Every structure is written in C-alpha cells, then in structure tokens.
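# Chain and residue survey
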2 protein chains.
Amino acid sequence: MDYMLQLREKGLKVTPSRLNVIKVLDSSHLAYSHSDLESLFSKMDRVTLYRILKDFEDAGIVHKIMDIDGVTRFAICKSTCPDGHHTDDHVHFNCKACHKMFCLEKVQVPHLKMPQGFKAMGLHTLIYGLCENCSGA
Amino acid sequence: MDYMLQLREKGLKVTPSRLNVIKVLDSSHLAYSHSDLESLFSKMDRVTLYRILKDFEDAGIVHKIMDIDGVTRFAICKSTCPDGHHTDDHVHFNCKACHKMFCLEKVQVPHLKMPQGFKAMGLHTLIYGLCENCSGA
DNA sequence: ATGCAAATGCAACAATGTTGCGTTTGTTAA
DNA sequence: TTAACAAACGCAACATTGTTGCATTTGCAT
Ligand SMILES: [Mn+2]
Ligand SMILES: [Mn+2]
Ligand SMILES: [Zn+2]
Ligand SMILES: [Zn+2]
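It should be emphasised that the depicted structure is a prediction, and the values quoted were computed from it without experimental measurement.

Residue and element names in this part refer to chain A. The end-to-end C-alpha separation of helix α4 (residues 46-59) is 20 Å, in line with the 20 Å expected for 14 residues at 1.5 Å each. All of the buried residues along α4 are Leu49, Ile52, Leu53, Phe56, Glu57 and Ala59. Summarising the axial view, the buried residues of α4 lie within an arc of 165 degrees, below the 170-degree limit, and thus occupy one face. Looking at the buried positions of α4, the neighbouring elements they touch are α1 (3-9), α2 (16-26), α3 (34-40), β2 (62-66) and β3 (72-76).

Structure follows, in structure tokens:
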C-alpha cells in the first residue's frame with residue numbers, strides 16, 4: 001500500500017520513476033515486458049527502466065521470467081521474497097492468443113524426482129495455451 | 001543414423017553445413033546455444049546457422065528452449081515430432097555451475113490442474129541446480 | 001540550507017536476431 | 001553428363017535488447 005515505505009525498507013530512494021513502475025506492477029497479476037513499460041512511461045529513459053527493474057529484482061520486489069517467445073518479463077512478488085534469491089517458483093501461464101503472461105500462484109507444482117547425481121535447486125514452470133479471456137469459455 | 005535421408009524426408013536439401021549441425025546435436029543430449037555452434041563451425045555464416053536451426057525446428061528435427069539465463073538453446077528431438085508443433089514438453093535441466101543444459105526425457109511431468117477458464121496446450125519445465133558432474137556426488 | 005551518495009539521462013557499445021539480395025549449390029530431369 | 005531451377009548460402013544492413021561510463025540532477029540525512 002505505501003510504496004514509499006516498501007522502497008525505503010529495501011534501501012532504495014523514493015523517486016517518481018520507481019513509484020510509477022511499482023504501482024503498475026503491483027496492481028496486476030500480469031508480467032510486463034520491458035517494452036510494455038517503456039511505452040507506458042515514454043518520458044522515462046530506457047536505461048533508467050533497466051536499472052529500476054534490476055534494483056527491484058535484487059530487492060525481491062519483482063521477479064523476472066522468460067515468456068514463451070523469449071521475451072523477459074517482470075511481475076510483482078506477492079509474498080515478499082528474501083533479497084537476492086526469490087521464491088518465484090510458481091507457475092506462469094502464457095496466452096498464445098493475447099500474449100499476456102499470468103502469475104498463477106495458486107497452482108500447486110508437484111515435486112519432481114531427479115535422475116542420479118542431479119541436484120535440483122529450483123524450477124520454472126511455464127504453461128502456454130489460452131487464457132480465461134481468449135478461451136471463449 | 002543416415003542424416004541425408006532424414007533431411008530429404010523433411011524436404012530439406014543435404015548440405016555440408018546442415019550435416020555438420022545435425023551431427024553435433026544428434027550425438028548429444030545437451031542443448032546448444034547459437035554461439036556454441038557458431039564457434040564450433042567458425043567458417044559458417046551466422047545467418048546461415050540461424051536459418052538452419054529455424055528450418056530444423058520447423059521440420060521437427062530440433063526443439064528450441066530458453067535456458068535459465070535467457071539464452072536460447074537447441075537440442076535434437078529424440079522421438080520424432082510432428083512438423084511445426086513439437087512434443088518438447090519434457091524437462092530441461094540447467095546446471096548453475098557449468099551452465100550446460102540437459103534434456104531429461106525420462107522425468108515424468110505430472111498433469112497440472114488449471115484455474116477456471118485457462119486451457120493448457122503445453123508446458124515447459126526448467127529445473128536448475130547442479131548436474132551430475134558438478135554436484136560432486 | 002548544505003553536502004553527499006544515489007539515481008538519472010545521454011551516448012556509445014555489445015549481443016542477438018532479422019531481412020533483402022546477388023551468388024553458389026543440390027537435385028531433378030532431359 | 002549436362003542443363004535448369006529452386007533452394008541454400010554469404011554478405012551487408014538493420015532492428016531490438018541489454019550493458020557500461022560519465023556528467024548532471026535529485027533524494028535524504030545532517
Ligand atoms: Mn510470477
Ligand atoms: Mn529437450
Ligand atoms: Zn489471452
Ligand atoms: Zn554442471
């Protein structure tokens with residue numbers, strides 16, 4: 001709710017650009033691409049946006065994921081993640097029609113058994129198909 | 001075994017470049033990045049390699065996946081995929097130490113229950129950790 | 001109000017991927 | 001074997017994405 005507090009807690013200065021970015025991401029379950037955000041904040045410098053997203057990622061405010069087309073996207077971390085290493089191992093859903101990417105925090109991911117010698121540290125599950133809007137259900 | 005036949009079956013002409021690429025990929029269960037292959041075949045033009053990999057993907061000879069660092073990689077399709085749409089929904093494992101990516105065809109991926117309205121068409125499961133060589137087991 | 005570190009804007013660059021086009025090559029059929 | 005044609009290739013040019021260095025501005029603590 002109070003983004004200024006959240007930023008200061010993470011040791012980040014409160015700036016208009018940062019407030020804009022966190023507001024947009026926090027008010028959505030969607031993962032935004034860099035160019036999404038770029039066109040949303042056209043007056044903000046490209047590099048500044050890269051740095052804001054990097055800082056937010058390091059601070060555990062957002063997580064970065066790849067969509068089905070190889071575009072990197074950013075979504076808010078709902079449950080606050082420990083700095084640096086995020087628990088962003090929930091499911092992401094990519095709509096083939098509207099190309100939106102959804103964070104599906106509620107879908108349970110079963111534990112997978114690894115072959116001999118392979119030690120798993122985490123996983124990314126990306127499902128593609130048709131979203132609630134596009135499936136025409 | 002006979003790559004010339006395999007290429008002709010898919011309507012692709014047999015060229016030295018294509019034979020080189022398919023040989024390397026087929027003799028490994030690793031997924032190679034574009035730059036991996038580029039340095040392996042330094043005399044081949046960059047663009048030609050892009051086009052070969054695209055043609056192989058369309059023909060169902062290889063599948064393209066993103067690794068944990070956002071690098072696109074290519075691996076051979078072991079079970080022949082129907083042209084265009086591949087059944088590349090097996091697990092991929094990315095080693096944090098040596099950065100190799102393994103196709104784990106044998107790991108079973110359980111079916112996930114989607115929320116209301118979301119229709120799943122396929123999934124990518126990417127696990128990261130330490131591989132058999134790097135886990136020191 | 002002042003000072004300083006942090007954040008920003010800008011330019012330059014690197015890596016990755018795409019497109020157009022002229023040339024070469026693989027395949028088919030005479 | 002050769003001739004002809006479509007496909008594949010090499011090269012140049014360009015687009016997009018992401019990174020780095022540096023001078024300037026701004027947030028925040030004193
Ligand atoms: Mn997410
Ligand atoms: Mn694979
Ligand atoms: Zn959709
Ligand atoms: Zn390894």
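The subject of this paragraph is the coordination of the zinc ion (ligand 3). Residue and element names in this part refer to chain A. Taken together, Cys95 (SG), Cys98 (SG), Cys131 (SG) and Cys134 (SG) make up the protein donors of the zinc ion (ligand 3), found 2.2 to 2.4 Å from the metal. If you look at the zinc ion (ligand 3), its four donor atoms make angles of 104 to 115 degrees with each other, and the shape they trace is tetrahedral. Within one chain, the residues donating to the zinc ion (ligand 3) are spaced in sequence as C-x2-C-x32-C-x2-C. Of this pair, Cys95 sits in strand β4 (residues 91-95) while Cys131 sits in the segment after β6 (119-130), and the two are 36 residues apart along the sequence.

Around a metal, the idealised angle for a tetrahedral arrangement of four donor atoms is 109.5 degrees; for an octahedral arrangement of six donor atoms it is 90 or 180 degrees. Residue and element names in this part refer to chain B. In the first shell of the manganese ion (ligand 2), the protein supplies His63 (NE2), His90 (NE2), His92 (NE2) and Cys103 (SG), at 2.0 to 2.3 Å from the metal. Donor residues for the manganese ion (ligand 2) sit on one chain with the sequence pattern H-x26-H-x1-H-x10-C. Residue His90 is found in the loop between β3 (72-76) and β4 (91-95), and its partner Cys103 is found in strand β5 (residues 101-104); the two are separated by 13 residues along the sequence. For the pair His90 and Cys103, one class covers both residues: buried.

Below, the discussion takes up the interface of chain A and chain B. Tallying the contact residues gives 35 residues for chain A and 37 residues for chain B. Summed over both sides, the interface of chain A with chain B buries roughly 2900 Å², with 75% coming from carbon and sulfur. Here chain A is connected to chain B by zero salt bridges. Summed over the shared surface of chain A and chain B, the result is 10 residue pairs in polar contact (both at pLDDT 80 or more). In terms of residue count, the dominant contributor to the side of chain A that touches chain B is β6 of chain A (12 residues). A class-by-class count of the residues in the side of chain A that touches chain B yields 21 nonpolar, 10 polar and four charged. One ladder, built from 11 bridges, connects β6 of chain A with strand β6 (residues 119-130) of chain B; its direction is antiparallel. The residue bridging Tyr128 of chain A from the neighbouring strand is Gly122 of chain B, located in β6 of chain B.

Turning our eyes to something else, we now look at the packing of aromatic side chains. As enumerated under the stated definition, the model contains six aromatic pairs over all chains in all. Consider the rings of Phe93 of chain A and Phe118 of chain B, whose centres lie 4.9 Å apart with planes at 80 degrees: the pair is edge-to-face. With Phe93 of chain A in strand β4 and Phe118 of chain B in the loop between β5 and β6, the pair connects residues from two separate chains. Grouping aromatic residues by their ring pairs yields a cluster made of Phe93 and Phe102 of chain A together with Phe118 of chain B.

Residues in contact with DNA strand D amount to 19 residues; listed here are only the nearest, Lys13, Thr15, Arg18, Thr48 and Arg51 of chain B. Within 4 Å of the protein, the atoms of DNA strand D are drawn from sugar and phosphate moieties in a proportion of 58%. Between Val14 of chain A and DNA strand D, the recorded distance is 3.0 Å, taken from a backbone N or O atom to a phosphate oxygen. One of the side-chain N or O atoms of Thr15 of chain B is found 2.8 Å from a phosphate oxygen in DNA strand D. Grouping the amino acids of the surface near DNA strand D by side-chain chemistry returns seven nonpolar, four polar and eight charged.

This part covers the protein's contact with DNA strand C. Close to DNA strand C lie 19 residues; Lys13, Thr15, Arg18, Thr48 and Arg51 of chain A are nearest. Sugar and phosphate atoms form 59% of the subset of DNA strand C atoms that lie within 4 Å of the protein. Measuring from a phosphate oxygen of DNA strand C, one finds a backbone N or O atom of Asp45 of chain A at 3.4 Å. Within the side chain of Arg51 of chain B, a nitrogen or oxygen atom sits 3.3 Å from a base oxygen of DNA strand C. Those elements that place two or more of their residues in the surface near DNA strand C are α2 and α4 of chain A together with α4 (46-58) of chain B. Split into classes, the residues belonging to the surface near DNA strand C amount to seven nonpolar, four polar and eight charged.

Residues and elements named next belong to chain A. Put simply, α2 and α4 touch, their axes get as near as 10 Å, and they point 65 degrees apart. Once α2 is placed against α4, the crossing between them reads as right-handed. In this structure, α2 contributes Ser17, Arg18, Val21, Ile22 and Leu25 to the contact, and α4 contributes Leu49, Ile52, Leu53, Asp55 and Phe56.

Analysis parameters
Residues numbered from 1 in each chain as written. Chains lettered and ligands numbered in written order. Predicted model: local features only at pLDDT ≥ 70, side-chain atom pairs only at ≥ 80, totals over all residues. Heavy atoms only, no water. Helix = DSSP H or I, 4+ residues; strand = E, 2+ residues; numbered from the N terminus. Expected span 1.5 Å × (residues − 1). Buried < 20%, exposed > 50% of the residue type's maximum accessible area, 1.4 Å probe, protein only. Arc of directions from axis to C-beta. Contact = heavy atoms within 4.5 Å. Donors = N, O, S within 2.8 Å, 3.2 Å for Na, K, Ca; no water. Tetrahedral: all angles 85-135°; square planar, octahedral: opposite > 155°, others 65-115°. Buried area = accessible area lost by both parts, 1.4 Å probe. Salt bridge = Lys/Arg side-chain N within 4 Å of Asp/Glu carboxyl O. Polar contact = N/O pair within 3.5 Å; in protein donor to acceptor, adjacent residues only side chain to side chain. Nonpolar A, V, L, I, M, F, W, Y, C, P; charged D, E, K, R; others polar. Pairing = 2+ DSSP bridges. Phe/Tyr/Trp six-rings, centres within 6.5 Å; stacked < 30°, edge-to-face > 60°. Near = heavy atom within 4 Å. Axes fitted to C-alpha atoms, helices over the stretch in contact; angles between N-to-C directions. Left-handed = near helix turned anticlockwise from the far one by under 90°.

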